[in-house]
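Residues per chain are reported as follows:
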Amino acid sequence: MKQVFSYLLASAFTLAILWQCSPIEEPVKSGAVVLEFSTDTLRFDTVFTALGSATRSIKVYNRYKERIRIAKVSIAGEMGGKFRMNVDGIPSNEVENVEIAPNDSLYVFCEVTVDPNQPLSESPFVIESSIRFETNEGEQEVLLEAWGQNANYIPSRFGKGTLNLLSGDVTWDDPKPYVIYGWLFVDNGTLTIPAGARIYIHGGLVRNSELGVYNDGRLWILDNGRLKIEGTAENPVIIEGDRLEEAFDDERGQWVGIYIGQNSKNNTITHTTIRNSFFGVYVDSAATLTASHTQFYNTSSTALVGEHASIDLQNCLIYNNGGNSVQVVHGGDYNFDHCTVASYGVDAAALALSNFICYVPANLGCELGGVYRLNANFRNSIFFGSKDNEIILSDFIQEGRSGFNYNFENCIVRIDEDLLEDYPDFYDFCINCPRELDRDTPLFVDVNDDDYRLDSLSIAIGAGIPLEGIDLDLEGNSRDPNTPDIGCYERVE
């Protein structure tokens, strides 16, 4: 009996020890779970020059006193197949039922393989995806970003949405393309873009603690900065979004635009194409811009905005814009010679002129922000489109020509009777502008194909006046020295 008791006592003692040494399985937290990460974006900043791979990692934290269970960790996005993942030792791009102990963490490793020699449809400049974490009541993501092509990426991997100061003069003369990744601010010097350069701007929605959610991807010239784009007829400069696949060829709003800030002087653009942005170029108060042989098109909003600015355009083509093609607010000084501005298929005008600015959106009324006189002169230019009226005139000062001065000379403009009721003297300041336009006679070759060269029957042929210094058209064709054509194109038989 004593032996049995001793055996039972020893067994009980052993079980007690085993019980004390066995781990206690904490309960799994119920309800909403919010994960914390060591970073919100995993960036692979290696610029690949050949087929290669790079690996990065993040830590996922459980800040709770209970275990948490992540239902699924997966790689999402159109380019997700470029990345490979390992979650706490499990190699897979989709891992289920991942648990993290209380106040503990786990590692997620991610690898990308890039072949920069693949076409951009397979390996674009910026490869984006995300790691998606699905918990019991929600989802969270960590972004994945990698460079897919051998290019000049500006700013650096830490520069997205932040200030990048260019001190002194900088010339982008590297034969590789330049990719502006986020915002680029130019100050205290001149950014020169030489002939033949290709500038691709990566834009998209991002979140910032100060600005909230906004669309990045813009070139911003500050007060003491200057932009010089020096394209030629043989080697023009192209500025567009970085998605060059065929499906994105005509996709508007891929990036924000070029913003020329207040007081920035002597900005010049020649032989350049600016396209597929939200707006083309915005010239702010007291800033100046001269552009020639340049195309602004395929914008979600206005192609060219002048706010209390000074803009001179020669031989420029503006078309296919979601808003008013050219928008002038708060007055300023503007001179357009031999330009074609076409607005088809949208409820917006080719040209809108005003001498005031509102600080409240139009649909909520106008809280007047200021007034300033307008001087606008247009010669040998076309303002046309699918609406009956392609010109908007808004005079707030109403003190005669000194406050709202516009002049059209040998221009083709589409206006309706309503405009003439408000501005009965319009044709007094539209010299040699045809009043009766035959809608059955084509003006351009084919607006449906965005071909704004002059049709053989166009009334613009030979209807211009000679302008000193403008001997060539947009394409480099010689203009008639006595009776040049109206618009940016000279008709070539």
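Computed from a prediction, not measured in an experiment: that's the story for all the values here.

Quick look at the pattern of salt bridges
And then number 1: The tally for this structure, following the rule as stated, stands at 22 salt bridges.
And then number 2: With its nearest N and O atoms 2.8 Å apart, the salt bridge here joins Glu240 to Arg275. You can see Glu240 sitting in strand E21 (residues 237–241) and its partner Arg275 sitting in strand E23 (residues 267–275), a full 35 residues away along the chain. A single burial state applies to Glu240 and to Arg275, both of which are buried.
And then number 3: Taken together, the shared-partner salt bridges in this structure form one network comprising Arg67, Arg69 and Glu99.

Regarding the packing of aromatic side chains
And then number 1: Inspection of every chain in the model, using the stated rule, returns 30 aromatic pairs.
And then number 2: Aromatic side chains Tyr107 and Phe109 sit 5.7 Å apart centroid to centroid with 20° between the ring planes, which places their arrangement in the stacked category.
And then number 3: Since its relative accessible area comes to 39%, Tyr107 is described here as partly exposed.
And then number 4: By relative accessible area, which is 39% here, Phe109 ends up partly exposed.
And then number 5: Taking the centre distance of 6.2 Å and the plane angle of 65° together, the rings of Tyr406 and Phe429 count as edge-to-face. On the criterion of sequence distance, the pair formed by Tyr406 in strand E36 (residues 404–409) and Phe429 in the loop between helix H2 (417–422) and strand E38 (430–431) is long-range, its members being 23 residues apart.
And then number 6: Three or more aromatic residues joined by ring pairs form one cluster here, namely Phe336, Phe378, Phe383, Phe404, Tyr406, Phe408, Tyr423, Phe426, Tyr427 and Phe429.
And then number 7: Between Arg63 and the ring centre of Tyr61, over which it is positioned, the NZ or CZ distance is 4.3 Å.
And then number 8: Between Arg243 and the ring centre of Phe248, over which it is positioned, the NZ or CZ distance is 4.2 Å.

Observations regarding the confidence of the model for the protein chain
And then number 1: The pLDDT averaged across the protein chain works out to 87; a share of 89% of its residues lies at or above 70.
And then number 2: Counting interchain partners and residues more than four positions distant, the pLDDT-below-50 stretch residues 1–23 has zero contacts.
And then number 3: Taken together, the stretch residues 157–163 has pLDDT below 50 and engages in 17 contacts with residues farther than four places along the chain or on a different chain.

Remarks on the sheet that holds strand E2 (residues 41–44)
And then number 1: Taken together, five strands build an open sheet; the order of strands is E2-E10-E9-E4-E7 and the sheet is mixed. Every other strand in the sheet has two partners, leaving E2 and strand E7 (94–100) as the edge strands with one partner each. Neighbour to neighbour, the strand axes of the sheet diverge by 20° on average, direction disregarded.
And then number 2: Across five bridges, the pairing between strand E4 (residues 68–76) and strand E9 (residues 126–135) is antiparallel. Of the residues in E9, the one forming a bridge with Lys72 is Glu134.

Reading the values: the criteria
Residues numbered from 1 in each chain as written. Predicted model: local features only at pLDDT ≥ 70, side-chain atom pairs only at ≥ 80, totals over all residues. Heavy atoms only, no water. Salt bridge = Lys/Arg side-chain N within 4 Å of Asp/Glu carboxyl O. Helix = DSSP H or I, 4+ residues; strand = E, 2+ residues; numbered from the N terminus. Buried < 20%, exposed > 50% of the residue type's maximum accessible area, 1.4 Å probe, protein only. Phe/Tyr/Trp six-rings, centres within 6.5 Å; stacked < 30°, edge-to-face > 60°. Lys NZ or Arg CZ within 6 Å of the ring centre and 35° of its normal. pLDDT = per-residue confidence, 0-100. Contact = heavy atoms within 4.5 Å. Pairing = 2+ DSSP bridges. Axes fitted to C-alpha atoms, helices over the stretch in contact; angles between N-to-C directions.

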